[in-house]
Amino acid sequence: MINIDFNELVSIDSKYKNIIERVIKSTLIKENIKGDIEVSITICDEKEIKEINNKFRNKNEVTDVLSFPLIKDISRMNINEYNVLGDIIICLMKAIQQSKQHGHSIDREIGFLTAHSMLHLLGYDHIIKEEEKNMFKKQEEILEELKLRR
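Nothing here was measured: the structure is a model prediction, and the numbers come from that model. (Residues numbered from 1 in each chain as written. Predicted model: local features only at pLDDT ≥ 70, side-chain atom pairs only at ≥ 80, totals over all residues. Heavy atoms only, no water.)

### Considering the nonpolar core
Within the largest apolar cluster, 37 residues are counted, with the highest numbers of intra-cluster contacts made by I20, V39, I41 and L85. Every element with two or more residues in this core is listed here: β1 (2-8), α1 (14-30), β2 (36-44), β4 (82-91), α3 (92-102), α4 (106-121) and α5 (129-145). Membership of the second largest hydrophobic core comes to five residues, among which are C44, L66, I89 and C91. (Core = buried A, V, L, I, M, F, W, Y, C linked by side-chain atoms within 4.5 Å. Buried < 20%, exposed > 50% of the residue type's maximum accessible area, 1.4 Å probe, protein only. Helix = DSSP H or I, 4+ residues; strand = E, 2+ residues; numbered from the N terminus.)

### Focus on the pattern of salt bridges
Pairing is possible between side chains that carry opposite charge, provided their charged atoms lie close to one another. Evaluated as defined, the whole model comprises 10 salt bridges. With a shortest N-O distance of 3.1 Å, K47 and E51 are connected by a salt bridge. Here K47 and its partner E51 are both found in helix α2 (residues 46-57), four residues apart, which amounts to about one turn of the helix. R108 is paired through a salt bridge with E140; the nearest N and O atoms lie 2.9 Å apart. Separated by 32 residues along the polypeptide, R108 in helix α4 and E140 in helix α5 bring together distant segments of the chain. What you see here is one network of salt bridges that share partners, running through K30, K137, E141 and E145. (Salt bridge = Lys/Arg side-chain N within 4 Å of Asp/Glu carboxyl O.)

### Quick word on the pairing of β4
Within β4, seven of the 10 residues are buried, which leaves it mostly tucked inside the rest of the structure. Pairing between β2 and β4: nine bridges, direction parallel. Residue pairing across strands places E38 opposite V84, the latter belonging to β4. Here strand β3 (residues 65-69) pairs with β4 via five bridges, running antiparallel. Counterpart to P69 in the pairing with β4 is G86. (Pairing = 2+ DSSP bridges.)

### Examining the packing of aromatic side chains
Evaluated as defined, the whole model comprises one aromatic pair. With a centroid separation of 5.4 Å and 65° between ring planes, the pair formed by F56 and F68 is classed as edge-to-face. Taken as a pair, F56 in helix α2 and F68 in strand β3 lie far apart in primary sequence, 12 residues in all. You can call F56 exposed: its relative accessible area is 54%. Exposure remark for F68: the relative accessible area of 22% places this residue in the partly exposed category. (Phe/Tyr/Trp six-rings, centres within 6.5 Å; stacked < 30°, edge-to-face > 60°.)

Here you go:
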């Protein structure tokens, strides 16, 4: 069972919630993650994400998405237990702005931010160039499967 806990500090259309849910489920299937899983999603505005970014990352700036994984090593996750993967915080206004900048739909941007964050919750990162290539390839595969194209 996958439990997605939405916290809407900014109201979001059910269409976007559905995209977020589909991306989360697709990511878990693609990564062969089984068992009872929970992911927390917070939708917020620029002021809120800036405060969170400053508090937890020491960056006093607006960002599009933040990921806070709760499981250090996914390979040691027990499928017989209830597993809370972590928190994803999406700035809706930043997602809308970026979709316009990149010339694609808000659907695609919301999907991209969710896939990117889910992979972070599952232990992926993009600090090292080779890891970045792998992570970005997986993101694109997830988005392509869901037809969230540029």
